[in-house]
Amino acid sequence: MNFLITRKITICMLFIAISLLGFVSFKQLAIEMLPNAELPMLYVQVSSNTDVDPPYMESQVIVPLEGAIRTIEGVENIESTAGNRNGSIQVDFKKNVNLKYTTLKLQEKVNSILPSLPDGYNVNIQKVNITGVNNNFMTIQVRGEGGVDRLRTLVDKEIKPELENIDGIAAVNVYGGRNKAIEIRVNPEAAKALNITSSAIAQALTQLNQQRTFLGYAHEPDMRYFVHLDANYDNISQIENVVIAEGPVHLKDIATVFFDFEEETTISRVNGQESISITLTNDAQTNLLELSDRTKAEIERINEAYKPYDIKMVVQSNTAEDIESNINQIVELGISGGLLAILILWFFLRNLRLVLFIALSIPISIYAAFNLFYAFGISINSLTLIGIALAIGMLLDNSVVVLENIYRLSSLGYPPDKAVIQGTKEVWRSILAATLTTITVFLPFVFSDDIMTKLLG
C-alpha cells in the first residue's frame, strides 16, 4: 500500500498503459450477437442412395465407422442411430480437446474407411456451435438484364471468387438460376455386359472426389495441424477416365459425359423480377463489424467494375448491422446507467473530487478487462456487455465504500496518506466478501454437467 501511495507517477503511467493496451485489444476482439462457442462434439452423418434395413446399415456402415472413431484420442462417448436411408453418430469429446485438430483427425479416419464401406453410402462430418450450424451474416441480391442464367454464370465465374477472397469470409453460397452440372448418360447394354451398376459408378466418382493427399504439417507454438490437398475434378476428361472396374474399364467406355444445366430448385425474386441470391458465411473468430465494412467496400468496387455488364449487387440483409444496433443500445444504456449512478453519488457525497475519481475508474477498469478478453479469446457480445454492466455496478459500490471511509478519516484530521491506508485497511475484507458472494452466485455454472448451461454461464 505504501508503494502505491509513494509512487504516484509510476502508478498513473501503469494505468494509462493498461488502458491504451486495452483499447488496442478491444479493436482486435470478435464482435457477435451471442458467443459463438463450439460444442465439444461432432456428428458423422451417413446417407444411403437406396432404402436398406436399419440392421444392415448398423452392421455394415455404423459399426465400422464407430471402430475407426474410437481410435481417436479424447473421445468420451459415442451415440449412434440407424434408419432406412440415414444414420448418425454423435461423438462427444473430453474437455479441453482442440476441436480443429480433432476434426481433421476424424476426417482422416473416415476417409481411410470409406473404400471398405458398401457402395451407395455418403459420409460427412458436421460441427455444432451455440449460434447454429452456419454463420450466414449477409445476403446479397444480384440484379441485371439478360436473364437469370446469364446472371448465374457471371456470379459463379467472376463475382463468387472475388467474394471468397475477402479476409474473414468462410463460404459463399449462390442461389437462383440453373446451376451448371455434368451429366453422365450410361449405356445400359454396355454396363450390363460388364456387370457395372449405377451405384458402383457413383461410388467411384465420390471416392475420387473425396480423395485427399497428405502434404505435411503446419506448426504453431503448442499445436500441429495436418495439411491435405483435396482432389477435385477440373475438366470432363478427368471424369471420363475414371476407372470403374478392373480391366481397366473407364467411365467413357460405358457412358457419355457432357455439360448440362441442373433443374432449377431455388427461385430468387426482387420486386417480381428474377435475381441471384448470395449468402456469405463468416469465420467464427472474425469481427463482424469490420468484416461487414470490408465486404460492403468490396461490393461497391465490384459494382463499379461490372457496371458495363449491366449488373448490380444490393445488400438485402446484414447481421452485422443488427449486432451493431444491439451492442450500441446496450452501450448507450450502460452509459446512461453510469451517468445516473455518478449523479446519485454526487447527490449523496457532495464531493466533486470523489465523484470524479469514481467516474474515472469506470473506463480504466473496462479497458483493463478487454486485455483479459483478448488473452482468453472472449468476444464482445450481448452476454459479455451485460456482464460488464453488472461489474460496473459492483465497481461503483466498492468505490463508494472505500472512498467514503477515506473521506471520513480525512475529515477527522488524519493526514491524506494515512487516511488512504487506514481507510482501505478497515473495509477491504468487507469489500472482498461482498465481491466473492456475487462471484459465487455464478460459480455453479462452471460445474454444470450440461455443456450448454456451462458455456452460457
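Here the structure is a predicted model, which is why all the values come from computation and not from measurement.

Cut-off values and rules
- Residues numbered from 1 in each chain as written.
- Predicted model: local features only at pLDDT ≥ 70, side-chain atom pairs only at ≥ 80, totals over all residues.
- Heavy atoms only, no water.
- Helix = DSSP H or I, 4+ residues; strand = E, 2+ residues; numbered from the N terminus.
- Buried < 20%, exposed > 50% of the residue type's maximum accessible area, 1.4 Å probe, protein only.
- Contact = heavy atoms within 4.5 Å.
- Areas by Shrake-Rupley, 256 points an atom, 1.4 Å probe, with all protein chains shown as cover.
- Patch = residues over 30% accessible without salt bridge, like charges linked within 9 Å, V, L, I, M, F, W, Y side chains within 5 Å.
- Salt bridge = Lys/Arg side-chain N within 4 Å of Asp/Glu carboxyl O.
- Phe/Tyr/Trp six-rings, centres within 6.5 Å; stacked < 30°, edge-to-face > 60°.

Undergrad: Help me understand the overall build of the protein, please; the structure alone is not making it clear to me.
TA: Along the backbone of the protein there are 15 helices and 15 strands. Burial analysis of the protein (457 residues in total) assigns 35% to the buried set. Taking as baseline every contact in the protein between residues at least 6 positions apart, the subset at least 24 positions apart corresponds to 73%. Of the accessible surface of the protein, which amounts to about 27200 Å², a share of 56% is contributed by carbon and sulfur atoms.

Undergrad: Explanation requested: unusual backbone geometry in the structure shown.
TA: Trans is the common state for peptide bonds, and a negative phi is the common state for residues other than glycine. The backbone of D310 shows a phi angle near 60°, a positive value even though the residue is not glycine. Mapped onto the elements, D310 comes out in the loop between α10 (288–305) and β15 (311–318).

Undergrad: Is there a simple way to think about a nonpolar patch on the surface in this case?
TA: Taken together, the side chains of L340, L343, W346, L352 and L356 define a hydrophobic patch exposed on the protein surface, amounting to about 520 Å² of accessible area. Listed by contribution, the elements that provide at least two residues to the nonpolar patch are α11 (319–349) and α12 (352–375). A per-element tally of the nonpolar patch places α11 first, with three residues. Along the chain, L356 turns up in helix α12. Relative accessible area serves as the criterion here: at 51%, L356 is assigned to the exposed category.

Undergrad: Explain the packing of aromatic side chains to me, please; I cannot follow it from the model alone.
TA: Within a pair of aromatic rings, the relevant descriptors are the distance that separates the centres and the angle that separates the planes. Summed over all chains, the structure comprises five aromatic pairs. For the ring pair Y367 and F370, a centre distance of 5.9 Å and an interplane angle of 75° mean the geometry is edge-to-face. With a gap of three residues between them, Y367 and F370 both fall in helix α12, about one helical turn apart. Relative accessible area serves as the criterion here: at 28%, Y367 is assigned to the partly exposed category. The class for F370 is buried, based on a relative accessible area of 6%.

Undergrad: Got a minute to help me understand the pattern of salt bridges in this structure?
TA: Pairs may arise between side chains of opposite charge once their charged atoms sit close together. Scanning the model with the defined rule gives six salt bridges in all. Between K296 and E321 there is a salt bridge, with the nearest N and O atoms lying 4.0 Å from each other. In this pair, K296 is assigned in helix α10 and E321 in helix α11, connecting sequence segments 25 residues apart. The partly exposed category is assigned to K296, whose relative accessible area is 30%. One salt bridge in this structure joins E298 and R301, with 2.7 Å as the shortest N-O distance. One end of the pair, E298, and the other, R301, are both in helix α10, three residues apart, so they sit about a helical turn from each other. Among the residues examined, E298 registers a relative accessible area of 17% and is labelled buried. Residue classification places R301 among the partly exposed positions, given a relative accessible area of 40%. A network of salt bridges, in which partner residues are shared, links E162, E298 and R301.

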